[in-house]
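Overview (structure and organization)
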Amino acid sequence: MTSSSPSTAPTTTLRLVRQGRHAAAPEPEIEPSSEMALAMLMSQAFDQPGPLDRPMVVKQRIARDAGNLRRLRRVLTDVNDPARRAETQAAVATLSEHIAAENDALDRMIEQGRTRRWGPNDFEPGDRVRYLSVWYQVIAVGPIGLTVRFQRPRDGSSWDVPAEYAKVTGRRRNGVEDIDAA
């Protein structure tokens, strides 16, 4: 189709067909991102606790595996394929066994005096906490972790950051330090 107007040269009008989500293939059973995350979680090689592991490494593996277990259980409700469901249930069982083994290894370290399990009852706002290897001030205490204040020494600016209990290595309260032995 060619048209012309008094102020322009002849032009050609094209008709474009919209190809959006309405022309797409039917949706899969579960969201592709969940399917990819599920495949990644199930293909992960689980670390076995060793006798020479450091306490913080064991705590971090427990925290990581517990998060993965929560995600697998959440995805399990959406899986309709029987083979995929059985595979996911087997991964949940395996991951649960690994978490139990890690907890046993951590319990042995606690008995040996190499570490302790930090939790909400161990902290109060105003305490100083060693998170990884740096000391911070505790702002708030929560069920999963702490909120600590990071302060930049150069210009004095500060902001609050979350800190998991699994990465806490010490506490300072009223001038008394309680630090993991390892």
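Coordinates for the structure precede this section.
Residues numbered from 1 in each chain as written. Predicted model: local features only at pLDDT ≥ 70, side-chain atom pairs only at ≥ 80, totals over all residues. Heavy atoms only, no water.

**Remarks on the overall build of the protein**
Test applied: A run of H or I in DSSP counts as a helix once it spans at least four residues, and a run of E counts as a strand once it spans at least two, with each numbered from the N terminus. Whether a residue is buried, partly exposed or exposed follows from its accessible area with a 1.4 Å probe, protein chains only, as a fraction of its type maximum: under 20%, in between, or over 50%, in that order. Residues count as neighbours in contact if any of their non-hydrogen atoms are within 4.5 Å of one another. In short, Shrake-Rupley with a 1.4 Å probe defines the accessible areas, and a residue's cover is counted only from the protein chains shown.
Helices and strands together make up the secondary structure of the protein, namely 3 helices and 8 strands. When the helices and strands of the protein are placed in sequence order, the string is β-β-α-α-α-β-β-β-β-β-β. Counting the 182 residues in the protein, one finds 29% classified as buried. Taking the contacts inside the protein whose residues are at least 6 apart along the sequence as the reference set, 53% of them involve residues at least 24 apart. Within the structure as shown, the protein displays about 12400 Å² of accessible surface, and the carbon and sulfur contribution to it stands at 53%.

**Quick word on the layout of surface pockets**
In plain terms, the rule: A cavity here means a set of 1 Å grid points, computed over protein atoms only, where a 1.4 Å probe fits but cannot escape. A pocket is an open set with protein on both sides within 12 Å along at least 5 of 7 lines, and lining residues have an atom within 4 Å of a point. Grid points are joined across faces, edges and corners, and a volume is the space filled by probe spheres set on the points. Here the term charged refers only to Asp, Glu, Lys and Arg, the term nonpolar to Ala, Val, Leu, Ile, Met, Phe, Trp, Tyr, Cys and Pro, and the term polar to all other amino acids, Gly among them.
There is about 420 Å³ of room inside the largest pocket. Looking at the lining of the largest pocket, the elements with two or more residues in it are α2 (55–76) and α3 (82–111). Examining the composition of the lining of the largest pocket, we find that 6 residues originate from one element, α2, more than from any other. For the lining of the largest pocket, the class distribution of residues is 9 nonpolar, 2 polar and 4 charged.

**Observations concerning the pairing of strand β7 (residues 168–173)**
Condition: Strands pair, by our definition, only if DSSP identifies at least two bridges between them.
Two strands pair when backbone bridges link them, and strand β3 (residues 128–131) and β7 are joined in this way by 4 bridges, in the antiparallel orientation. For V129, the partnering residue across the bridge sits in β7 and is R171. Both β7 and strand β8 (residues 176–179) contribute to a ladder of 4 bridges, which runs antiparallel. In the sheet register, G170 faces β8, and the bridge partner there is I179.

**Considerations on the nonpolar core**
Heads up, the rule is: In plain words, nonpolar cores are sets of buried Ala, Val, Leu, Ile, Met, Phe, Trp, Tyr and Cys residues tied together by side-chain atoms within 4.5 Å.
Counting 11 residues, the largest nonpolar core consists of W118, F123, V129, Y131, Y136, V138, L146, V148, A163, Y165 and V168. Of all the secondary-structure elements, those providing two or more residues to this core are β3, β4 (134–141) and β5 (145–151). Residues within four places of V148 in sequence aside, it is in contact with V129, Y136, Q137, V138, I139, W159, D160, V161 and A163. In this structure, L72, A91, L95 and I99 belong to the second largest nonpolar core, which totals 6 residues.

**Things to note about the packing of α2 against α3**
Note the following rule: With axes taken as lines fitted to C-alpha atoms, and helix axes fitted only over the stretch in contact, angles between N-to-C directions fall between 0 and 180 degrees. An angle below 35 degrees is treated as roughly parallel, one above 145 as roughly antiparallel, one from 65 to 115 as roughly perpendicular, and anything else as oblique. Handedness of a crossing is defined here by the sense of rotation of the near helix relative to the far one, left-handed for an anticlockwise turn of less than a right angle and right-handed for a clockwise turn.
Remark: α2 packs on α3, axes separated minimally by 9 Å, with the N-to-C direction vectors making an angle of 155°. Here α2 lies roughly antiparallel to α3, going by the angle between them. The handedness of the crossing between α2 and α3 comes out as left-handed. Of the residues assigned to the contact of α2 with α3, the class counts are 13 nonpolar, 6 polar and 6 charged.

**Some words on the sheet that holds β3**
The sheet built from 6 strands is open, its strands ordered β6-β5-β4-β3-β7-β8 with antiparallel pairing. A strand with exactly one partner marks an edge of an open sheet, and here the two such strands are β6 (158–164) and β8. Ignoring strand direction, the axes of neighbouring strands in this sheet form an average angle of 35°.

**Topic: the side chain of T169**
Stated formally: Residues adjacent in sequence count toward polar contacts only when both atoms are side-chain atoms; beyond that, a polar contact is any pair of N or O atoms within 3.5 Å, and within protein one must be able to donate a hydrogen and the other to accept it.
Following the sequence through the fold, T169 ends up in strand β7. Separated by 2.9 Å, the side chain of T169 and the backbone oxygen of L132 make a polar contact.

**Overview of the side chain of R61**
With respect to the helices and strands, the residue R61 is situated in helix α2. Within the structure, R61 has its side chain in polar contact with the side chain of E102 (distance 2.8 Å).

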